[in-house]
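# What the coordinates show
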Amino acid sequence: MRIQGREQTEQGRERVELVPETLDDLWHLTYVLEPGDTVSGDTTRRIQRNDDQMRDTGGEREHMWVALRVEDVEFAKFANRLRVSGEIVGCSREDQLGFHHTVNVEPNTEIEVEKWWKPDQEERLQDAVEATENPDVAIATVEEGEAHLHTVAQYGTEERATITATTGKGDYARPRDELFAELTDVLRRQDVDAYILAGPGFTKQDALDYIEDEAPEVAEKMSVVDTSGVGDRGVHEVLKRGAVEEVQAETRIAEEADKIDELTKRIAEGAKVAYGPESVAEAADFGAIEELLVLDEHLRRERSAAEWSVDVDEIIETTEQKGGEVVVFSGEFDPGQQLANLGGIAALLRYRIE
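Residues numbered from 1 in each chain as written. Predicted model: local features only at pLDDT ≥ 70, side-chain atom pairs only at ≥ 80, totals over all residues. Heavy atoms only, no water.

Under an unreviewed UniProt entry, the chain has the name Protein pelota homolog and belongs to Halomicrobium zhouii. Within the UniProt record for the chain, the comment given under Subunit (unreviewed entry) is "Monomer." Word for word, the UniProt comment on the chain under Sequence similarities (unreviewed entry) is "Belongs to the eukaryotic release factor 1 family. Pelota subfamily." (UniProt positions renumbered as here; feature names shortened; annotations may be inferred.)

Shown next, in the form of structure tokens:
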């Protein structure tokens, strides 16, 4: 996510110009946008005509700028877009004011969002920005005599290193371990959450064996993918197969799973834990929450208001004001489903509340 600019409005709301760059960014926006917000950007629209002599023939759509008062938001994951629907409250064509419209927000589409921002929404937006700025996956491609390293920032890649040397037999051959050692040193210097090792044939397995012996902390974060080439071509194959998204999802799932394991362990021991909206709200008021675990579905005002007697926004705000950390779980993965079974919200506490 890129933030292009921010400004306060006369009504006290804040207008943020931003560019979602990935499907992850669109997913984040699903839990940022809510009814009553204003979203504006470029779109196309088939003109609504009142003149019988100028009736719409269903032909070409007209390009225009619109501002919508948000009524509904839908993340269309398989269509690579976020659908934002609502009434047109601003438009480059005044005759379209008051009509309903849907803006399809796709990766690299610039939009403006005007709203009263809640703390968890600000944090979610910042998380999306940091995910773009800080690469979290490194792709190493290797074959005989050649290795490359690329880092991935969402869907963009950048080449960080190229290592070439003659290997095999002969007077000028370089021992394969020297190539693997240099690659391992480069991998160690990357500040990433996961590694992908790719390439043709058996060389990558030999490289993995070496890395497991010399840098087990790297190897434990590494997955292996078969590709027919190395370098840019190999990276393209890795991306095309969706391996990066799988690794990122697995990393996120693993982090959430660790939290759930700790939660269920504490529940079994009757230790420092609270779960369910009422118990967690009480813990927040006491300032006892170390980590608040909340399912993303309940960040939607209408969802939590319909099911809970407490305000999830107040719980989050109180937790943060008193030094607690907020962890938002995705309902798409198993740890999130386990949290849903416990009421959709829980907390790891600093001390036990009787």
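The next point concerns the overall build of the chain. Counting secondary structure elements, the chain contains 11 helices and 16 strands. Counting only residues that meet the buried cut, the chain has 47% of its 354 residues in that class. Looking at the chain alone, contacts between residues at least 24 apart form 66% of all its contacts between residues at least 6 apart. (Helix = DSSP H or I, 4+ residues; strand = E, 2+ residues; numbered from the N terminus. Buried < 20%, exposed > 50% of the residue type's maximum accessible area, 1.4 Å probe, protein only. Contact = heavy atoms within 4.5 Å.)

Moving on to the pairing of strand β8 (residues 137–143). The buried count for β8 comes to six of seven residues, which makes it a mostly enclosed element. Relative to strand β11 (residues 194–199), β8 runs parallel, the two being bridged by five bridges. Within the sheet, the bridge partner assigned to A138 lies in β11 and is Y195. (Pairing = 2+ DSSP bridges.)

Another aspect to go through is the environment of E290. Relative to the elements of secondary structure, E290 occurs in strand β14 (residues 289–295). Overall, the relative accessible area of 38% leaves E290 in the partly exposed class. With near-sequence residues (within four places) excluded, E290 lies in contact with R266, G324, E325, L348, L349 and R350.

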